[in-house]
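# An overview of the molecular structure
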Amino acid sequence: RIPVWLDCDPGHDDTFAILLAAYHPAIRILGVSTVFGNASLEKTTHNATSILTAISQSTTIPVYLGASKALFRPPMHPPTDIHGETGLDGTTLLPSPLIPAITTTPAIDAAYSALISTPPGTAWVVATGAFTNAAALFMKYPELIPHIAGLSLMGGALGGGFTPAILGSVDGVPRIGNWTQFAEFNVLADPEAAAFLLGHKDLSKKTTLIPLDVTHLCLTTKEVQDLILYGPEGLQPGMEEGKGKTKLRQMLVELLLFFAKTYSDVFGITEGPPLHDPLAVAAVLSGLEDGTGHRIPFYEHDPAVGTGIATQGERYEVSVVTEGTYEDAQRGGARTGQITARLLPRGQEG
Ligand code: BDR
Ligand code: CA
């Protein structure tokens, strides 16, 4: 199974990233680290340990406390209109954590020990919150770069896919970011960390970026919600409509419905919220044999949709705007956190 270190800020969609990584038979989670973002570090850590308790994995998957602020900036104030006060509002079914997060070993040191113990070229790092921990990990332990198989990051916005249709425009200029007009939340939360990872000569060659352009193509529609609620067999006699087949399924859909409502209120997306973060976990599975001789495709470039996002084999040179404060960016005075990507011609990817 593919060893994965998951760095996250749960967070509704982070919850589903944890779920996918914990349940997928081809993945083995080495550990989880937490970062500030959707809520304070204290809250995202509580949420991570609570989710692992809910899925009976709290004794098998350790959680480590990561960064409470960006590399060179104060923490971005947690938004409450998307994930609520706790970072994971919408249900009363989340259990109290059985096992607390480990605070005696810093998250990046724990991640290093776990990753370096895996066979070379097998392990992935997946980051679905601000990229602070991931950047600090590779800054402190550059020897991990040739060792790992890949780095998968959820973040950034290029303005492709359905994003213009979803987010509209500001003063006639298309809105491409979900946090400011030009920036996506995870990149804006720590632009220097993003610039380090995406600008690193060797690491960037192993990096898959899952920007909003991709996540806005995958909405958690009512059909998906029902699948989670009732299971693949659907609503069966004896089951109550709208009630989950199990308490866990009920809890997950309550979380999804909260996220659906905030996405509808804030962004006007009514078909169901984009579940950004699990896609960064799914990227790890890209190219695997599915057991029947087929390779699992992750994402195919579709010129009709005009996404222009990297597929297997396509490489981009990506740059990140680091000038400006968070407040400047919020006011529209700076493009902090905006990323731009230039497709590298075949053969010149190095
Ligand atoms: C990202 O920001 C957070 O709100 C989500 O958890 C996701 O990681 C989407 O921009
Ligand atoms: Ca997240």
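Residues numbered from 1 in each chain as written. Chains lettered and ligands numbered in written order. Predicted model: local features only at pLDDT ≥ 70, side-chain atom pairs only at ≥ 80, totals over all residues.

The name given to the chain in an unreviewed UniProt entry is Inosine/uridine-preferring nucleoside hydrolase domain-containing protein, with Apiosordaria backusii as the source organism. The heading Sequence similarities (unreviewed entry) in the UniProt record of the chain holds the text "Belongs to the IUNH family." (UniProt positions renumbered as here; feature names shortened; annotations may be inferred.)

Now for the overall build of the chain. Helix and strand content of the chain: 13 helices and 10 strands. When its C-alpha atoms are laid out on the principal axes, the chain stretches across 60 × 50 × 45 Å. When the 350 residues of the chain are sorted by exposure, 49% land in the buried category. Partitioning the intrachain contacts of the chain with sequence separation of at least 6 by distance along the chain shows that 76% fall at a separation of at least 24. (Helix = DSSP H or I, 4+ residues; strand = E, 2+ residues; numbered from the N terminus. Buried ≥ 20, exposed ≤ 12 C-beta atoms within 10 Å, placed from the backbone. Contact = placed C-beta atoms within 7 Å.)

Okay, the packing of helix H3 (residues 107–116) against helix H4 (residues 132–140) next. Orientation of H3 relative to H4, taken along the N-to-C sense of each, is 60°, at an axis distance of 9 Å. As judged from the angle between their axes, H3 and H4 are oblique. Two packed elements cross with a definite hand, and for H3 against H4 that hand is right-handed. For the pair H3 and H4, contact is made by Ala107, Ile108, Ala111 and Tyr112 and by Asn133, Ala136, Leu137 and Lys140, respectively. Residues belonging to the contact of H3 with H4 are distributed by class as follows: six nonpolar, one polar and one charged. (Axes fitted to C-alpha atoms, helices over the stretch in contact; angles between N-to-C directions. Parallel < 35°, antiparallel > 145°, perpendicular 65-115°, else oblique. Left-handed = near helix turned anticlockwise from the far one by under 90°. Nonpolar A, V, L, I, M, F, W, Y, C, P; charged D, E, K, R; others polar.)

In this section: the pairing of strand E8 (residues 207–210). Looking along a regular strand, one sees side chains alternate from face to face of the sheet. Residues Thr207 and Leu209 point to one face of E8 and Thr208 and Ile210 to the other, with burial holding for every one of them. Pairing analysis gives four bridges linking strand E5 (residues 150–154) to E8, with the strands arranged parallel. Counted as the bridge partner of Ser152 is Thr208 from E8. (Pairing = 2+ DSSP bridges.)

Now for the site of ligand 1. Near ligand 1 lie 13 residues; those nearest to it are Gly11, Asp13, Glu184, Phe185 and His276. Those elements that provide at least two residues to the shell around ligand 1 are helix H1 (12–23) and helix H7 (185–189). Of the residues in the shell around ligand 1, the class split is three nonpolar, six polar and four charged. (Near = placed C-beta within 6 Å.)

The next point concerns the sheet that holds strand E3 (residues 63–65). The strand order across the open sheet formed by six strands is E3-E2-E1-E4-E5-E8, and the pairing between neighbours is parallel. The open sheet is flanked by E3 and E8, the only strands paired with a single partner. Taken over all neighbouring pairs, the strand axes of this sheet differ in orientation by 20° on average, direction set aside. Helix-sheet contacts for helix H2 (residues 41–54) involve strand E1 (2–8), strand E2 (27–34) and E3, and the interaxial angle to E3 is about 175°. The strands touched by H3 within the sheet are E1, E2 and E3, with E2 carrying the most contacts at an inclination of about 165°.

Here we take up the packing of helix H10 (residues 222–230) against helix H11 (residues 247–267). Look at H10 against H11: their axes get within 8 Å of each other, and the N-to-C directions meet at 155°. One way to sum up the angle between H10 and H11 is to call them roughly antiparallel. The segment H10 lies against H11, with Gln225, Ile228 and Leu229 engaging Arg249, Leu252, Val253 and Leu256. Of the residues belonging to the contact of H10 with H11, the class tally is five nonpolar, one polar and one charged.

A word on unusual backbone geometry. Glycine aside, residues mostly have negative phi angles, and peptide bonds mostly take the trans form. Of note, the bond from Pro10 into Gly11 is cis; its omega dihedral lies within 30 degrees of zero at -15°. Summarising the element assignment, Gly11 is placed in the loop between E1 and H1. For Ser56, which is not a glycine, the phi torsion comes out positive at approximately 55°. Its place among the elements puts Ser56 in the loop between H2 and E3. On the basis of neighbour counts, which here come to 11 C-beta atoms within 10 Å, the residue Ser56 falls in the exposed class.

Let's shift gears to the nonpolar core. Ranked by size, the top nonpolar core spans 101 residues in total, and within it Val4, Leu6, Ala21, Ala134 and Leu197 carry the most contacts. Of all the elements, H11 adds the most residues to this core, at eight residues. Residues in contact with Val4, not counting those within four places in the same chain, are Ala21, Ile27, Arg28, Ile29, Leu30, Trp124, Val126 and Val284. (Core = buried A, V, L, I, M, F, W, Y, C linked by C-beta atoms within 7 Å.)

With that out of the way, let us pick up H4. In terms of burial, H4 is largely enclosed, as seven of its nine residues are buried. Within H4, burial applies to Thr132, Asn133, Ala134, Ala135, Ala136, Leu137 and Phe138.

Quick look at the environment of Lys205 now. Along the polypeptide, Lys205 turns up in the loop between helix H8 (191–199) and E8. Sequence separation between Lys205 and Phe138 is 67 residues, and the spatial gap between their C-alpha atoms is 14 Å.

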